[in-house]
Amino acid sequence: MNFDLSFYKGKKVFVTGHTGFKGSWLCKLLSHSGAEITGYSLTPPTDPSLFQLAGIEQDVHSVIGDIRDFQKLKEAFNSAQPEIVFHLAAQPIVRESYENPRYTYETNVMGTVNILECIRSCPSVKSFLNVTTDKVYLNKEWVWSYRENEELDGFDPYSNSKSCSELVTHSYQNSFFQDGRAAVSTARAGNVIGGGDFAKDRILPDCIRAAAQKTDIIIRNPFSIRPYQHVLEPLYVYLMIAAMQYSDKKYTGSYNVGPNEQDCFQTGQLADLFVKYWGDGVKWINCYDGGPHEANILKLDCSKLKSVFGWNPHWNVDMAVQKTVEWSKCWLSGGDVRLCMDRQIEEFLQQSL
């Protein structure tokens, strides 16, 4: 299916977590499509941040607030009267969830409850997508890919809180939206990479920081396997799901969003690709530190997404790394990162024609 983003022209869209890495790219895509966007989020989670560097604030009506603050969220929501809602606000880092489990659960579980409560009392909403993670599944460290009907039971506080968010969403769908007023789905995305991610404890941001400082790249676990994809891949799918279920409730459900099997890479292999495209003599070293528990093998079966929507990934992991390096070098050289994003979006969308 070649989905046309012009569907969003003039649509009122509400995005939680709009100041984050994925949220900023999503707002750029929506703005590119002519949507009327309201964003609700904390201040950007990193310094520097993609939200500020790319001037995303000019694309949205930006409300700075905590997803845990129900009254403030409800005020912003009621003022926006959205038709479509994307819920991205989260505490997204596994290691951080071990350090601050209570905050992680409050944000990721009660934040989901709060946005669903807003939707429940707002008749303008026709479509809701809750963005979770591939880590919601009970990880059995097997080589097979997880399907949407697998057991949900994330191990660490981050993963588990996202499993809870899935269950909350399913409960609200059954309890309050069976009348068909609002279509509700969840999307479980694999690991995303792309220009403008400055988070700590993520592989490519760590690579870019080290390369910029001309130091060796430290890889904590080079043998862990993850489904890596460019950030535009899942965002395009989110927009597609929300639009299709807006028009036809048969598209509601839970969907895995990940790359093809051959793009489930070991972390060390991803670092090799980065070294290849960055050049300048950069190299990485294995510094496995034990660290808190994280899954070693994680793959997603995206057969449902492909079958229902006729979807296939646009860019493989090789291209995803190239585009991440391209954006990062543009930024480090003082180039126009906003224009770089526009070019990459156009190039990506051309692949779907």
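Residues numbered from 1 in each chain as written. Predicted model: local features only at pLDDT ≥ 70, side-chain atom pairs only at ≥ 80, totals over all residues. Heavy atoms only, no water.

A. Quick look at the overall build of the protein. Secondary structure summary: the protein contains twelve helices and twelve strands in total. At 19 Å, the protein has a C-alpha radius of gyration in line with the 20 Å of a compact globule built from 353 residues. In terms of principal-axis extent, the alpha carbons of the protein reach across some 60 × 45 × 40 Å. The proportion of buried residues among the 353 residues of the protein is 58%. Within the protein, contacts between residues at least 6 apart in sequence are counted, and of these 81% link residues at least 24 apart. (Helix = DSSP H or I, 4+ residues; strand = E, 2+ residues; numbered from the N terminus. Rg over C-alpha atoms; globule rule 2.2 N^0.38 Å. Buried < 20%, exposed > 50% of the residue type's maximum accessible area, 1.4 Å probe, protein only. Contact = heavy atoms within 4.5 Å.)

B. The arrangement of the nonpolar core in detail. Grouped together as the largest cluster of nonpolar side chains are 61 residues, with contacts concentrated most on Tyr 8 and Phe 86. Sorting elements by how many residues they give to this core places helix α8 (residues 232-247) first, with eleven residues. Of all hydrophobic cores here, the second largest spans 24 residues; its members include Ile 67, Cys 122, Phe 128 and Val 168. (Core = buried A, V, L, I, M, F, W, Y, C linked by side-chain atoms within 4.5 Å.)

C. Quick peek at the sheet that holds strand β9 (residues 225-230). Taking strand neighbours across the sheet as the criterion, the three strands line up as β7-β9-β11 in an open arrangement whose pairing is mixed. The open sheet has two edge strands with one neighbour each: β7 (191-193) and β11 (264-266). Ignoring strand direction, the axes of neighbouring strands in this sheet form an average angle of 50°. Examined bridge by bridge, β7 and β9 share three bridges and lie parallel to one another. (Pairing = 2+ DSSP bridges. Axes fitted to C-alpha atoms, helices over the stretch in contact; angles between N-to-C directions.)

D. Summary view of the pattern of salt bridges. Throughout the structure, instances matching the rule amount to 19 salt bridges. The network of salt bridges with common partners includes Asp 66, Arg 68, Arg 102 and Glu 106. (Salt bridge = Lys/Arg side-chain N within 4 Å of Asp/Glu carboxyl O.)

E. Broad picture of the state of the cysteines. Taken as a whole, this structure holds zero disulfides when the rule is applied. In this structure Cys 264 is not part of a disulfide, and its nearest cysteine sulfur, from Cys 302, lies 8.2 Å away. Using a relative accessible area of 5% as the deciding quantity, one classes Cys 302 as buried. (Disulfide = S-S within 2.5 Å.)

F. Spotlight on unusual backbone geometry. Of the consecutive residues Asp 47 and Pro 48, the connecting peptide bond is found in the cis state with omega at 5°. Among the secondary structure elements, Pro 48 is positioned in the loop between β2 (36-41) and α2 (50-53). Here Lys 214, not a glycine, exhibits a phi torsion of approximately 55°, which is positive. For Lys 214, the location among the structural elements is in the loop between α7 (203-212) and β8 (217-219).

G. Here's a closer look at the packing of helix α9 (residues 267-278) against helix α11 (residues 317-332). Running from N to C, α9 and α11 point in directions that differ by 50°, and their axes come no closer than 9 Å. One element, α9, and the other, α11, form an angle in the oblique class. The crossing of α9 and α11 is right-handed. Along the contact surface, α9 presents Leu 270, Leu 273, Phe 274, Lys 276, Tyr 277 and Trp 278, while α11 presents Val 317, Asp 318, Val 321, Gln 322, Val 325, Ser 328, Lys 329 and Leu 332. Residue composition of the contact of α9 with α11, by class: nine nonpolar, two polar and three charged. (Parallel < 35°, antiparallel > 145°, perpendicular 65-115°, else oblique. Left-handed = near helix turned anticlockwise from the far one by under 90°. Nonpolar A, V, L, I, M, F, W, Y, C, P; charged D, E, K, R; others polar.)

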